[in-house]
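Listed here are the chains, written in short residue letters.
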Amino acid sequence: MTNFRVSKNSIIFTFFTLIILMPAYIADQLSIIKMLSNVVAVCMVLFIIKERVKLSKFGMTVSVYYLYIVINGFLHGQGEIHFLISTVKMLLFLCVVDIALTKRYEKTISILYVIFLIVTIVDILSVFLFPDGLYQTTTTWNQWSSSVIEGWLLGNKNNHIVWYLTTIYLSYIKYRMTGLKKHEVTWYLVMLFTLVTVIRIQSSTSIVATIIADIGILYFHFRKRQRIHVNMVMVGSVYAIIQIAIFMGSITFLQPIINGLLGKDLTFSGRATAWMNAGIYICQKPVFGWGQMTEESSRRLLGSVALVNAHNQWLQILWEGGIIQLLLLFVVFAVLIRKIQECKEKEISDISIILFTVVLIAMAFEVELGNLVSWVLIALCYHTNSYFDKYEEKAEILA
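A brief report on the enclosed structure follows.

Thresholds, definitions, all that
- Here, residues in each chain are numbered from 1, in the same order as that chain's written sequence.
- Only residues with pLDDT of 70 or above have their local features reported here, since the model is predicted, and side-chain atom pairs are shown and tallied only from 80 upward, although totals for entire chains, interfaces and linings are computed over all residues.
- To obtain the side-chain values, all non-hydrogen atoms of the structure were included, while hydrogens and water were left out.
- Strands are runs of DSSP state E lasting at least 2 residues, helices are runs of H or I lasting at least 4, and numbering of each runs from the N terminus.
- Per-residue accessibility, obtained with a 1.4 Å probe over protein chains only, is compared with the maximum for each type, and a residue is labelled buried under 20%, exposed over 50%, and partly exposed between these values.
- The contact criterion used is simple: two residues touch if any of their non-hydrogen atoms lie within 4.5 Å.
- For the area figures, the Shrake-Rupley method with a 1.4 Å probe applies, and any residue is considered shielded solely by the protein chains shown.
- Under the convention used throughout, the expected extent of a helix is 1.5 Å for every residue step, that is, one less than its residue count.
- Throughout, an axis means a line fitted to C-alpha atoms (over the contacting stretch in the case of helices), and angles, computed between N-to-C directions, take values from 0 to 180 degrees.
- Left-handed describes a crossing whose near helix is turned anticlockwise from the far helix by less than a right angle; the clockwise case is right-handed.
- Only Asp, Glu, Lys and Arg are considered charged, only Ala, Val, Leu, Ile, Met, Phe, Trp, Tyr, Cys and Pro nonpolar, and every remaining residue, Gly among them, polar.
- As used in this record, nonpolar core signifies buried Ala, Val, Leu, Ile, Met, Phe, Trp, Tyr and Cys residues forming a set joined through side-chain atoms within 4.5 Å.
- Oblique is the label for any angle not covered by the other classes, which are roughly parallel (under 35 degrees), roughly antiparallel (over 145) and roughly perpendicular (65 to 115).
- Salt bridge criterion: a side-chain nitrogen from Lys or Arg within 4 Å of a carboxyl oxygen from Asp or Glu.
- For patch detection, residues must exceed 30% relative accessible area and be free of salt bridges, and they are connected within 9 Å for like charges or within 5 Å for nonpolar side chains (Val, Leu, Ile, Met, Phe, Trp, Tyr).
- Two rings from Phe, Tyr or Trp (for Trp, the six-membered ring) form a pair when their centres are within 6.5 Å of each other. A pair whose planes differ by under 30 degrees is stacked, one over 60 is edge-to-face, and the rest are tilted.

What follows concerns the overall build of the chain. The secondary structure content of the chain amounts to 16 helices and 2 strands. Within the chain, the proportion of its 399 residues that are buried is 51%. Long-range contacts, defined as pairs at least 24 residues apart, comprise 75% of the intrachain contacts of the chain with a sequence gap of at least 6. Total accessible area computed for the chain in this model is approximately 19,700 Å², and 66% of it derives from carbon and sulfur atoms.

Shown next, in the form of structure tokens:
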């Protein structure tokens, strides 16, 4: 008979993850979840103290980034107290994830893999079983017109992508860790069904992001020669040029893609209005920004009930935290990229860069870093490269 043992730390981490990452649809149905999230916040503080705050370099830079957001938001008074508290909870959870991945990588991956896989499966089922949405949100523009937005387990059509990308990555890591056929099949199925789902819900950003992720991962996994690698400097340069071109309005060269492939106009479904208005506020307070924005304050300042944020992560950061917050984010990303480039297991390194690039693409049209799952994915990229780099070094020593 096989003895089945579960460590106390695994149970604690599972509980933290289930409560903090609980989809909003479920949390809104069960009021006890909000109460438990406050209890978990206190427990996470005790957990971090117990672990003697042993954060990785990535964890330390993320902590500085989030502490600036909290302090800046408090000083400027844009964000209500509950909004600031939720940001502190995000910081605490990221510290817990960082510690768990540093000390118990394999067990932590297994826990996250199961949780994300279950949530993704249930979300996919909700999309196909309820094509008109689990719920619908009606936005009234004026006395003559209104629009209805469908929502599923993970929210509206633009809220699924980071969950799906994280599940794809976890499925791939689980397969690489174990080498088992069942995990390889699961990885393929996750890529297939997430792609079919984003096509079904007709989210253009999610479709492009999922296709790039799937093709990139499969290419770098099955390539026979290791000569071609992703150059992050080149990727970053092209990305920056396109972003600047979009903001400056010089995007006619993208018209065939935008109109033909994505089915959008050159304003990107009205996002250009949000970008222009956010730019005006950025110029007024460029250094420290306006402080953390709630949906209500964003609607008021941007002048439309449809604009709950800047619909671009970079503009949102400059708007809320100014140049200081942008520089802090650059430091976080620099630490991540350096760790990825140092990894000797180039398949892992290249696939991590592909997923990080996909997150950057999503950030061009949505405020993805406001979603805690995006940070979990970024943390996974950092620690996975660290883990496989050490694994490769041990293999070389034994050889």
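Another point: helix 7 (residues 161–178). Between the first and last C-alpha of helix 7 there are 26 Å, a value that for 18 residues agrees with the 26 Å anticipated at 1.5 Å per step. Of all the 18 residues making up helix 7, 15 are buried; the element is thus mostly covered by neighbouring parts of the structure. Just beyond helix 7, the residue with positive phi is Gly179, at close to 70 degrees.

What follows concerns the packing of helix 1 (residues 8–20) against helix 6 (residues 105–129). The description of two packed helices rests on the angle between their axes and on the distance between the axes. Running from N to C, helix 1 and helix 6 point in directions that differ by 35 degrees, and their axes come no closer than 10 Å. Crossing of helix 1 against helix 6: the hand is right-handed. Contact with helix 1, carried on its side by Ser10, Phe13, Thr14, Thr17 and Leu18, involves Lys107, Thr108, Ile111, Leu112 and Ile115 of helix 6 and no other residues of that element. When its residues are assigned to classes, the contact of helix 1 with helix 6 shows 5 nonpolar, 4 polar and 1 charged.

Our next topic: the nonpolar core. Of all hydrophobic cores here, the largest spans 112 residues; its most connected members are Tyr66, Phe93, Trp163, Trp319, Phe333 and Trp375. Apart from the residues lying within four places of it in its own chain, the contact partners of Tyr66 are Thr87, Met90, Leu91, Leu94, Leu369 and Trp375.

At their nearest, the axes of helix 8 (residues 181–201) and helix 9 (residues 204–222) sit 9 Å apart, and the two run at 160 degrees to each other. Considering their axes alone, helix 8 and helix 9 lie roughly antiparallel with respect to each other. The element helix 8 and its partner helix 9 pack so that their crossing is left-handed. Mapping the contact onto sequence places Trp187, Tyr188, Met191, Thr194, Leu195, Val198 and Ile199 in helix 8 and Ser206, Ile207, Thr210, Ile211, Asp214, Ile217, Leu218, His221 and Phe222 in helix 9.

Glancing now at the pattern of salt bridges. Scanning the model with the defined rule gives 7 salt bridges in all. A salt bridge links Glu184 to Lys181; the shortest N-O distance between them is 3.4 Å. Within this pair, Glu184 and its partner Lys181 are both found in helix 8, separated by 3 residues, close to a single helical turn. Across the salt bridge formed by Glu342 and Arg338, the nearest N and O atoms sit 3.2 Å from each other. Placement of both Glu342 and Arg338 in helix 14 (residues 313–342) is noted, with a separation of 4 residues, approximately one turn of the helix. Classification of Arg338 as exposed rests on a relative accessible area of 55%. It is possible to trace a salt-bridge network through shared partners that takes in Lys50, Glu51, Lys103 and Arg104.

A cluster of nonpolar side chains, namely Phe128, Val185, Leu189, Leu192, Phe193 and Val196, defines an oily patch on the protein surface of about 500 Å² accessible area. The biggest single contributor to the nonpolar patch is helix 8, with 5 residues. With a relative accessible area of 43%, Phe193 lands in the partly exposed category.

The end-to-end C-alpha separation of helix 12 (residues 271–284) is 21 Å, in line with the 20 Å expected for 14 residues at 1.5 Å each. Three or more residues of helix 12 are buried, namely Arg271, Ala274, Trp275, Asn277, Ala278, Tyr281 and Ile282.

Here Ser126 shows up in helix 6. In sequence terms Ser126 and Trp152 are 26 residues apart; their C-alpha atoms lie 6.1 Å from each other. If we skip the residues at most four places from it in the chain, Ser126 touches Leu134, Trp152 and Leu153.

On to unusual backbone geometry. One non-glycine residue with positive phi stands out, namely Gln202, at about 60 degrees. Mapping Gln202 onto the fold places it in the loop between helix 8 and helix 9.

Quick look at the side chain of Gln316 now. One can find Gln316 in helix 14. Of the residues examined, Gln316 reaches a relative accessible area of 4% and is grouped as buried. Ignoring any residue separated from it by four or fewer positions in sequence, one finds Gln316 in contact with Met293, Asn309, Ala310 and Val367.

Going through the model one piece at a time under the given rule, you end up with 20 aromatic pairs. Ring centres of Tyr65 and Tyr66 lie 5.7 Å apart, and the angle between their planes is 85 degrees; this geometry places the pair in the edge-to-face category. By relative accessible area, which is 3% here, Tyr65 ends up buried. The interplanar angle of 40 degrees and the centroid separation of 4.8 Å between the aromatic rings of Phe116 and Trp163 together place this pair among those described as tilted. Pair noted here: Phe116 is in helix 6 and Trp163 is in helix 7, with a separation of 47 residues, a long-range link. Each member of the pair Phe116 and Trp163 is classed as buried.

By the secondary structure assignment, Val287 is in the loop between helix 12 and helix 13 (295–302). Along the primary structure Val287 and Leu318 are separated by 31 residues, whereas in three dimensions their C-alpha atoms are 8.2 Å apart. Residues within four places of Val287 in sequence aside, it is in contact with Tyr68, Gly321, Gly322, Ile323 and Ile324.

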